[in-house]
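# What the coordinates show
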Amino acid sequence: MFMKIGSVKESSDLRVAITPEVAKSYMDIGYRVVLEHGYADHLYSVQDYTQVGVVFDEKKNVCNVDILVQVYCPDNDVCLNLSDLILICFLQPFHTQDHLIKLKENNVTCFSMELVPRSTIAQKMDALSSQASLSGYVSVVLAASKLSKVFPMMVTPAGTLKPTKVLVIGAGVAGLQAIATAKRLGAQVSAYDTRAIAKEQVNSLGAKFLNIDVGNKAQTKQGYAKQLSAEQLKLQQKMLEDACIQSDVIITTAQVFSKRAPVIVTNSMIIKMKQGSVIVDCAVESGGNVEGVQEDNEIMIGEVLVLGYSNLAQKVAAHASQMYAKNVYEFILECFNVESGKLLISYDHEVAESMLVVNNKEIVHKLILELMNL
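Summary of the structure given here. (Residues numbered from 1 in each chain as written. Predicted model: local features only at pLDDT ≥ 70, side-chain atom pairs only at ≥ 80, totals over all residues. Heavy atoms only, no water.)

Quick look at helix α4 (residues 98-105) now. Residues His99, Leu100 and Leu103 constitute the buried set of α4. The buried residues of α4 occupy an angular sector of 100° when the element is viewed end-on, so they sit on one face. Of the surrounding elements, those touching the buried residues of α4 are β5 (86-90), β6 (109-112), β18 (356-359), β19 (362-363) and α12 (366-371). Of the residues flanking the end of α4, it is Asn107, one or two places downstream, whose phi is positive at about 60°. (Buried < 20%, exposed > 50% of the residue type's maximum accessible area, 1.4 Å probe, protein only. Helix = DSSP H or I, 4+ residues; strand = E, 2+ residues; numbered from the N terminus. Arc of directions from axis to C-beta. Contact = heavy atoms within 4.5 Å.)

Encoded structure:
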């Protein structure tokens, strides 16, 4: 008897959780792969999947597999009635918990890809980092497409064009990729992060690190920035103002794990920026770093264009899917096993234990329980 892994079409994202290459990998370790009709038609052909042994079926049948892997938790009527299976996806447990109640009642075992620990053994499964890296790249390309200037310095018979000044706020995975991309395009790049360890990483990419002392800059055990106090945040805003005013492009990526993103760039700072400047807020999904930013929208604040697109990684959906699907596969390979037709899960594995949110009709993750006041 084969265990079945399935995936249905995403309702609001261009990425997919199973690519043809990863489908073959599942087949090679003894799983059957079942996908909804029309799955990933915008990225791959049906033949790409069927030639490695994938079967296509109706959505309701796909939802009866042993393991359902998605980018996001399904939100349609059929999949909200999932029962007695394992769901692996970005559960978004810090934004809303309503769907967790339904999944709990239906005895769905849920693993959240946001909760992959930042450890050596889990690097291959770290979907937050893989997607954040692509978001950082896309943010710069998007800004360049909206700016009325070129990024590199150019010496021409008509005169010298000065390089675009790019400021990256937040030097995590997304921020570092934004820095690298802006540098490759020839921009003059500076960056800021509350974590002292980020300075060496920023400098190694050829960017200038802004030394702004707001007091304690400690980070969590997993490497995330800690939340600043209200006083520290105000000091940070004041000291960043000059750098913002001088910039042609600002990329913001500052987020605090499980918390609302801090507002760093205020309206009073934006209205002092040069006409035609561009800001891309990569933290918009968790509230945004830019005051007044609107999710999935472009707005003008003064003479500055502010872009607040969520899920930037889906703008390069082929590569984003390739990376995300491999992250999920590596998790299943590490923590799941099939013996004598039964699916065995290593619940005591440090990765599985960190990612497990719902099990045996109970919400079991301590942080999620705290958020729900349970």
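Right, let's get into helix α5 (residues 127-146). Between its terminal C-alpha atoms α5 stretches 28 Å, which fits the 28 Å expected from 20 residues at 1.5 Å a residue. Its side-chain oxygen 3.4 Å from the backbone nitrogen of Leu128, Asp126 forms the N-cap of α5. (Expected span 1.5 Å × (residues − 1). Polar contact = N/O pair within 3.5 Å; in protein donor to acceptor, adjacent residues only side chain to side chain.)

It is worth spelling out the packing of helix α1 (residues 20-28) against helix α10 (residues 317-335) at this point. At a minimum axis distance of 9 Å, the contact between α1 and α10 shows a crossing angle of 15°. One way to sum up the angle between α1 and α10 is to call them roughly parallel. Both α1 and α10 take part in a crossing whose hand is right-handed. Of the residues in α10, those touching α1 at Val22, Ser25 and Tyr26 are Ala325, Lys326, Val328, Tyr329 and Ile332. Among the residues forming the contact of α1 with α10, the class breakdown is six nonpolar, one polar and one charged. (Axes fitted to C-alpha atoms, helices over the stretch in contact; angles between N-to-C directions. Parallel < 35°, antiparallel > 145°, perpendicular 65-115°, else oblique. Left-handed = near helix turned anticlockwise from the far one by under 90°. Nonpolar A, V, L, I, M, F, W, Y, C, P; charged D, E, K, R; others polar.)

Moving on: the sheet that holds strand β2 (residues 31-36). Sheet strands pair via backbone hydrogen bonds, and the direction of the pair is either parallel or antiparallel. The strand order β3-β2-β1-β4-β5-β6-β18-β19 describes an open sheet built from eight strands, whose pairing is mixed. Either end of the sheet is taken by a strand with one partner, and the two such strands are β3 (55-57) and β19. Taken together, the four bridges between strand β4 (residues 67-72) and β5 define a ladder with parallel strand orientation. Bridge pairing links Leu68 to Leu87 in β5. (Pairing = 2+ DSSP bridges.)

Take the nonpolar core next. Within the largest apolar cluster, 66 residues are counted, with the highest numbers of intra-cluster contacts made by Tyr26, Leu87, Ile88, Phe111, Phe331, Ile332 and Phe336. If you tally residues by element for this core, the top one is α10, at seven residues. Discounting residues that sit within four places of it in the chain, Phe336 has contacts with Tyr31, Ile67, Ile86, Ile88, Phe111, Phe331, Leu343, Leu344 and Ile345. (Core = buried A, V, L, I, M, F, W, Y, C linked by side-chain atoms within 4.5 Å.)

Function cannot be read off these values alone, since they describe shape.
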